[in-house]
Amino acid sequence: MTASAPRYMARFRCIAEACEDTCCAGLTVPISESRWSLLRQKVAGGPDEARVSALITPNPDGATGQQAGILGKRADGHCAFLDEAKLCSLQRRYGEAVLPDGCSVFPRVLTRWGAQVEMAGSLACPETARLCLLAEDALVREPVPEEQALRPQVARQVAAGDDAWTAHADTVREAMLRLLARREVPFAARLFALGRMALDLGDFYFPGTTAFAPTGEASPHPGTSGVEEAAAPETREPMADSALDARGASRHPRASEDVDASASETWEPMVDSAPDASDARAEAAGERLASILREYEATDTLASLQAQLEALELPGGPWAGICGAVLRSREAAVSSPRFLSLMHDVRASYGGADTSPDDGWQLHATRRSALESLHGERVHQYFLHHALNHVLRHPFTEAPSLLNAMFLLVLRASVVRWVLLGHPAVVALLDTPGTPVATLDAAAVEAFQGVAKHVEQAPSFLEFAKGLAGEGPETFARLLILVKGL
């Protein structure tokens, strides 16, 4: 096995009782049948036998295998096995081997791409967030010793390569990472470009696509007809005057008549044909994918998209309303005093519970401009690293589409931006421009970590994001609202 990780994860070491938070609180932790059995063997006949029997219970959903049991919690939401020193009493007495997979691996996130195991990190851990956000070289990927990829057997297999969606996933992901790293282009414009690229690819590159298959007919994308999927780019509606005409916006900004005509010949619906025609069709699909990826790396394409985004005028109130709604819903479900205190302070900084989204947006926009002038590059680094880590941490193959994966990235970034600009330390910093940048760094770590732990992975948030995104061109139009807010 070979393993790789961004540099910040190669540097990661748990700081245990020195941590300002604990990963042993606020989370529901399952334990597999095998680990549960091993733990019972280890404690059998000892003082912890009754405690383990009482505090680990069968999954109330009836799940088995990896989700067979659930670790109990104290009244304050902390794990029942956390001791007074903020350390795991089970690990201290019986070793790492008895821990549930989640406890052993966290904050590491393991993903298997072919034969390669990649280790990214969850920013729900304060130390991971610090290492990821604050070091300039944090997202440089490099090989790591195999032993650092704890329990590689639990890694998600996201690119088996036995279908076109996963077979081309690494190529698409690398293009996404390169585009995100284009620092000469404003961050919001990079996200806009990724959304447009995803929309263009979505006509033929999606889960279950057979556009790349050497034989058989192309299966339509969900919600489209086979004819629509096979249609040439030149048959799409031309660019509408409104930038919110997402279907028109999917037309590539620099597509030529020659390219469109070529695609038209390639993408006629399949009929019974000789194997060489089928092979040519598959080859054309691969070439089309590569062409779109190359086009979105072109400097003049990015400049054109940047100009389009800057010319687009949208109200900020809806963006502020979305961010506020997300956080209010999570406050009702989270018991962490640390998170709730931060949310209270953020809400107060925007005018309290009764402030309108438009008024909240005006405050946010003023602060955004002021912080940009004081510490623009530092803030850019936070959000770039967050986005790069998102692409590594959350394989887009798990989403219904590439565009949907992009929408989730931008929504998460928007919520964090709202929290950061409402953080009391940031508000105070703007009133006292000479404040050391370390104060901003500390606020950023708290904002990103709090959102990662209590918002980003919550089922209610993911369900909200799914409903908000909609489908296809509708998703792109809504992504524009979020990008403009950033």
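Keep in mind it's a predicted model, so treat the numbers as computed, not measured. (Residues numbered from 1 in each chain as written. Predicted model: local features only at pLDDT ≥ 70, side-chain atom pairs only at ≥ 80, totals over all residues. Heavy atoms only, no water.)

(A) Quick look at unusual backbone geometry. Between Phe106 and the following residue, Pro107, the backbone shows a cis peptide bond with an omega angle of 5°. Relative to the helices and strands, Pro107 is located in the loop between α5 (101–105) and β5 (108–113). Of note in this structure, Ala16 is not a glycine but carries a positive phi near 50°. Relative to the helices and strands, Ala16 resides in the loop between α1 (7–11) and β2 (30–31). For Ala16, a relative accessible area of 24% corresponds to the partly exposed category. Phi is positive for Lys86, which is not a glycine, with a value near 65°. Mapped onto the elements of the fold, Lys86 is located in the loop between β4 (69–71) and α4 (89–94). By relative accessible area, Lys86 is classed as partly exposed at 31%. (Helix = DSSP H or I, 4+ residues; strand = E, 2+ residues; numbered from the N terminus. Buried < 20%, exposed > 50% of the residue type's maximum accessible area, 1.4 Å probe, protein only.)

(B) Region of the structure containing the packing of aromatic side chains. Considering all chains together, one arrives at 11 aromatic pairs under this definition. Taking the centre distance of 3.6 Å and the plane angle of 10° together, the rings of Tyr350 and Trp418 count as stacked. In this pair, Tyr350 is assigned in the loop between α16 (337–349) and α17 (357–393) and Trp418 in helix α18 (residues 402–422), connecting sequence segments 68 residues apart. Both residues of the pair, Tyr350 and Trp418, belong to the buried class. (Phe/Tyr/Trp six-rings, centres within 6.5 Å; stacked < 30°, edge-to-face > 60°.)

(C) Representation of the state of the cysteines in the model. Taken as a whole, this structure holds zero disulfides when the rule is applied. Cys23 carries a free sulfur, and the closest cysteine sulfur to it, the one in Cys24, is 4.2 Å from it. (Disulfide = S-S within 2.5 Å.)

(D) Highlighting the sheet that holds strand β8 (residues 156–157). Read across the open sheet, the five strands follow the order β7-β1-β6-β5-β8; overall the sheet is mixed. Bordering the open sheet on either side are β7 (141–143) and β8, each of which pairs with just one other strand. The sheet contact formed by strand β1 (residues 2–6) and β7 spans three bridges and is antiparallel. Counterpart to Ala5 in the pairing with β7 is Glu142. Each of β1, β5, β6 (116–121), β7 and β8 is contacted by α17, which is oriented at about 140° to β6, the strand it contacts most. (Pairing = 2+ DSSP bridges. Contact = heavy atoms within 4.5 Å. Axes fitted to C-alpha atoms, helices over the stretch in contact; angles between N-to-C directions.)

(E) Quick look at the confidence of the model for the chain. Here the chain shows a mean pLDDT of 84. Residues at 70 or above account for 86%. This model gives residues 223–273 a pLDDT under 50, and the stretch forms 85 contacts once residues within four places in sequence are excluded. (pLDDT = per-residue confidence, 0-100.)

(F) Quick look at helix α15 (residues 317–331). Taking 1.5 Å of rise per residue, 15 residues should cover 21 Å, and α15 covers 21 Å from first to last C-alpha, within 8% of that figure. Along α15, the residues classified as buried are Gly317, Trp319, Ala320, Ile322, Cys323, Gly324, Val326, Leu327, Arg330 and Glu331. Where α15 is buried, its residues meet α16, α17, α18, α20 (437–456), α21 (459–469) and α22 (473–485). (Expected span 1.5 Å × (residues − 1).)

(G) View of the environment of Val185. Structurally, Val185 is set in the loop between α8 (169–180) and α9 (187–201). Counting along the chain gives 118 residues from Val185 to Ala303, while the straight-line C-alpha distance between them is 7.8 Å. Sequence-distant contacts of Val185, defined by excluding residues within four places in its chain, comprise Arg190, Leu302 and Gln306.

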